Structures are given as structure tokens and as C-alpha cells.
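This is what each chain is made of:
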Amino acid sequence: MKPSNRTFIISGGASGLALAAARNLHSAGAYVSLLDLNTENGATIVKELGDRAKFFEVDVSDSESIAKAVQGTVEWVKQTGKEIGGVIAGAGVGLPGLMIDKNNEPIPISSIDFVLNINLRGTLDLIRQALPYMTTNKPDGLDGERGVLIMVASSAAFDGQMGQVAYAASKGAVASLTLPLARDLSKHGIRAVTVAPALFESNMTKQMGKKVKQSLENAMEFPKRAGQPDEFARIVREAVENPMLNGTVLRLDGAMRMPARL
Ligand SMILES: NC(=O)c1ccc[n+]([C@@H]2O[C@H](COP(=O)([O-])OP(=O)(O)OC[C@H]3O[C@@H](n4cnc5c(N)ncnc54)[C@H](O)[C@@H]3O)[C@@H](O)[C@H]2O)c1
């Protein structure tokens with residue numbers, strides 16, 4: 001699907017990887033509806049991108065908050081006439097914690113809920129709420145395509161490290177649901193693709209200590225560095241444009257396999 005003259009709903013779009021994807025699609029003529037908790041960044045980005053961008057303050061773990069943003073986007077689409085071509089579910093968080101700590105305390109269930117509610121439930125809820133506005137799109141091109149859903153997993157979906165049980169569970173689930181999602185939606189001409197990045201430069205990784213980041217970079221095979229947000233954005237663009245990408249998880253990881261511990 002060509003991104004131009006389509007609207008993309010992008011969660012986590014006020015920062016990092018999802019923002020890079022938003023900029024890339026926007027530069028190809030797309031309209032971007034950015035959903036994020038970070039209102040300050042959101043306002044700055046919309047100012048920079050201009051008419052073809054809108055920001056909605058959203059907590060993806062709150063269904064009502066998603067509903068308002070989807071409704072707001074649908075109203076915007078009515079004005080512009082640019083159908084919702086896709087969802088990029090980029091909002092995500094990590095909250096490291098051992099299953100049981102040195103004081104024999106198990107991980108708080110609130111930590112597990114927090115990560116799963118944003119990374120897994122938030123991803124599915126956003127897609128679920130956007131879909132009825134995509135299935136009614138006019139079929140496009142020879143294939144009759146109506147849209148594309150792009151999700152974000154992580155290397156942790158496959159080789160999560162110590163302290164990453166909740167994060168790995170959330171990202172592994174996103175990877176696992178990709179194929180059945182594609183199967184559910186094939187009759188509607190809607191594709192589902194997941195990207196699984198290793199270490200990428202973003203706000204999330206800025207919060208890592210220098211030593212932790214360095215040891216992750218050392219675990220990369222080639223190139224031996226963190227990925228750049230634009231390198232993530234380019235694979236998202238390909239997933240939007242290439243109709244044969246469907247029901248699959250694309251590892252974007254410089255052949256890195258994360259070690260058990262750093
Ligand atoms: N950067 C990496 O190395 C890396 C590696 C693998 C996977 N990922 C995944 O990529 C995605 C993007 O992360 P990033 O690295 O760009 O981080 P980031 O922190 O730069 O961006 C994440 C954005 O999500 C938003 N967000 C967080 N919780 C939210 C919520 N409840 N509702 C709405 N928005 C919320 C944040 O405000 C932020 O703008 C995440 O799903 C992350 O797990 C990142």
C-alpha cells in the first residue's frame with residue numbers, strides 16, 4: 001500500500017522508534033495520528049509536521065482513552081477524506097525485575113500488569129478499536145488491500161534476559177499473535193506484520209546505564225552498534241508498501257542474540 005493520502009494511527013508516536021516511523025510515512029505523503037502519553041513532545045511534533053499530523057493524549061492501557069483518540073481520528077478522516085490505512089502500535093514500556101529477588105520477594109503483580117497492559121493489551125485494544133474503520137475502506141489496487149497493522153516486539157520475545165520475564169512475555173505474545181491476526185483479517189484485505197528490534201537508540205535506551213548499553217552493543221554481531229530510529233522506520237515503510245509481508249515477525253537485530261545477563 002502506498003502511504004500517501006492515507007491516515008496512520010501511531011501509538012507511542014511522540015518518541016523514539018514510532019516517531020521515526022511517523023516521520024518516514026509523513027514524508028511519503030501520509031497523514032499521521034499520533035497517540036501518546038507525552039503531550040509536550042506530541043505538541044512539538046505536530047507543530048513541526050503541520051497539517052497532516054494530529055496528536056491525541058492517550059494511555060493505551062485505558063480503553064476509553066483509545067476510543068476517544070480513534071473517534072477523533074475518524075472525525076479528522078471525515079474532513080480530509082484520507083482513509084485509515086494502518087495502525088502502528090509502537091507504545092511500549094520495560095520494567096525490569098527478577099521473578100524472585102534476593103530477599104525471597106516475588107515480583108509484584110502490579111509490575112507484571114503494568115507491562116502486559118501497555119505492551120500487549122494496549123496493542124490489541126488499539127488494533128481492535130481501529131479495525132472497524134479499516135474493514136470498510138475501499139479495496140485498493142490489484143490485491144484489494146484495505147490496510148496494514150504493524151506491531152513492535154523485541155529481541156526479548158526470543159531471548160529475554162534475566163529480569164525481563166514480564167517484558168519478554170508481552171513481546172513474545174505480540175510475536176505469537178501476528179499470524180493468527182493475519183489469518184483473521186485476510187478476508188478483509190488487511191495485513192499484520194511485527195518488527196522485533198534489538199538495541200535501538202531511543203528515549204527508552206537513553207535511560208540505560210552506559211555499561212549496560214555498551215555490553216548490549218558488544219553482543220551485536222554486525223554492525224556492532226545500536227540501531228538508528230530511521231533504520232527501524234525504513235522497515236516499517238517496507239511493511240506498509242510490500243503486500244507480500246504478512247503474518248510474520250521481522251527481526252531487526254544485527255544478528256544479535258541476547259545473553260542471559262550483561
Ligand atoms: N529502543 C529499543 O532498543 C527497543 C528494542 C526493542 C523493542 N523496542 C520497542 O519499541 C517500541 C518503542 O520504544 P522506543 O524505544 O521508541 O521507546 P520510547 O520511550 O522512545 O518511546 C515509547 C513511547 O511510548 C509512549 N508510551 C509509553 N507508555 C504509553 C502508554 N501507556 N500509552 C501511550 N503511550 C505510551 C511513551 O510516552 C513514548 O513516547 C516499544 O514497544 C519498545 O518496547 C524498543
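Cut-offs used in this document
- Residues numbered from 1 in each chain as written.
- Predicted model: local features only at pLDDT ≥ 70, side-chain atom pairs only at ≥ 80, totals over all residues.
- Heavy atoms only, no water.
- Near = heavy atom within 4 Å.
- Polar contact = N/O pair within 3.5 Å; in protein donor to acceptor, adjacent residues only side chain to side chain.
- Areas by Shrake-Rupley, 256 points an atom, 1.4 Å probe, with all protein chains shown as cover.
- Helix = DSSP H or I, 4+ residues; strand = E, 2+ residues; numbered from the N terminus.
- Nonpolar A, V, L, I, M, F, W, Y, C, P; charged D, E, K, R; others polar.
- UniProt positions renumbered as here; feature names shortened; annotations may be inferred.

Taken together, 27 residues sit near the ligand, with Ser15, Leu17, Asp36, Tyr167 and Ser202 positioned nearest. With respect to the ligand, the side chain of Lys171 contributes an N or O atom lying 2.8 Å from an oxygen atom. Ala198 has a polar backbone atom sitting 3.3 Å from an oxygen atom of the ligand. Contact with the protein chains covers 92% of the free accessible surface of the ligand, which is 820 Å². Mapped onto the shell around the ligand, the elements with two or more residues apiece are helix H1 (16-27), helix H6 (165-185) and helix H7 (203-206). No other element matches H7, which puts 3 residues into the shell around the ligand. Residue composition of the shell around the ligand, grouped by class: 15 nonpolar, 9 polar and 3 charged.

In the numbering used here, UniProt assigns the feature "domain: Ketoreductase" (unreviewed entry) to residues 6-202. Strand forms 18% of residues 6-202 and helix 45%; the C-alpha atoms that close the span are 26 Å apart.

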